[in-house]
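Observations on chain architecture
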Amino acid sequence: MTITSLSSKGQVVVPASIRKELQLSTGAKLMIFTDGDNLLLKPVKAPKLDTFRKLIKASQSYARQVGLKKADITKAIKKARQ
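Keep in mind that this is a model prediction, so the values were computed, not measured.

1. Notes on helix 3 (residues 70-81)
End to end, helix 3 covers 17 Å across 12 residues, agreeing with the expected 16 Å (1.5 Å per residue, within 8%). Counting buried positions over the 12 residues of helix 3 gives 0, only a small fraction of the element.

2. Concerning the pairing of strand 2 (residues 39-43)
Bridging between strand 1 (residues 30-34) and strand 2 involves 5 bridges; their strand directions are antiparallel. Pairing of T34 across the sheet is with L39, part of strand 2. Between the antiparallel neighbours strand 1 and strand 2 lie 4 residues, among them G36 with a positive phi of about 100°.

3. Describing the environment of A46
By the secondary structure assignment, A46 is in the loop between strand 2 and helix 2 (49-66). In this structure the C-alpha to C-alpha distance between A46 and G10, which are 36 residues apart in sequence, comes to 26 Å.

4. A few points about unusual backbone geometry
Non-glycine residue Q23 carries a positive phi angle of around 55°. Along the chain, Q23 turns up in the loop between helix 1 (16-21) and strand 1.

5. Some details on the pattern of salt bridges
Applying the stated criterion across every chain yields a total of 1 salt bridge. Note that K54 and D50 form a salt bridge whose closest N and O atoms lie 3.5 Å from each other. With K54 and D50 both in helix 2 and 4 residues apart, the pair spans about one turn of that helix.

6. Details of helix 2
Given a rise of 1.5 Å per residue, 18 residues ought to cover 26 Å, and the 26 Å separating the end C-alpha atoms of helix 2 matches this to within 8%. Phi for G67, located one or two positions after helix 2, is positive at around 80°.

7. Side note on the environment of A63
Mapped onto the elements, A63 comes out in helix 2. Relative accessible area serves as the criterion here: at 18%, A63 is assigned to the buried category. A C-alpha to C-alpha distance of 9.5 Å links A63 and I73, two positions 10 residues apart in sequence.

The rules behind the values
Residues numbered from 1 in each chain as written. Predicted model: local features only at pLDDT ≥ 70, side-chain atom pairs only at ≥ 80, totals over all residues. Heavy atoms only, no water. Helix = DSSP H or I, 4+ residues; strand = E, 2+ residues; numbered from the N terminus. Expected span 1.5 Å × (residues − 1). Buried < 20%, exposed > 50% of the residue type's maximum accessible area, 1.4 Å probe, protein only. Pairing = 2+ DSSP bridges. Salt bridge = Lys/Arg side-chain N within 4 Å of Asp/Glu carboxyl O.

Here it is, written out as structure tokens:
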């Protein structure tokens with residue numbers, strides 16, 4: 001356990017030992033969660049390419065099974081972005 005401080009800009013320093021342990025480098029993305037009392041920082045790591053390809057293949061297969069069309073996906077994306 002280590003203690004760190006919050007800067008006037010809301011920045012928190014992650015100690016070098018933890019950055020090394022988690023293989024975090026400059027520019028690493030972190031998700032932040034709160035339950036109202038606690039903070040949790042979780043590294044955002046891109047999936048391995050093979051894992052991503054399997055996910056895409058499964059998604060495409062499911063879309064075909066349920067009859068989704070490209071227009072349906074485009075409409076859902078547009079709605080989500082509003």
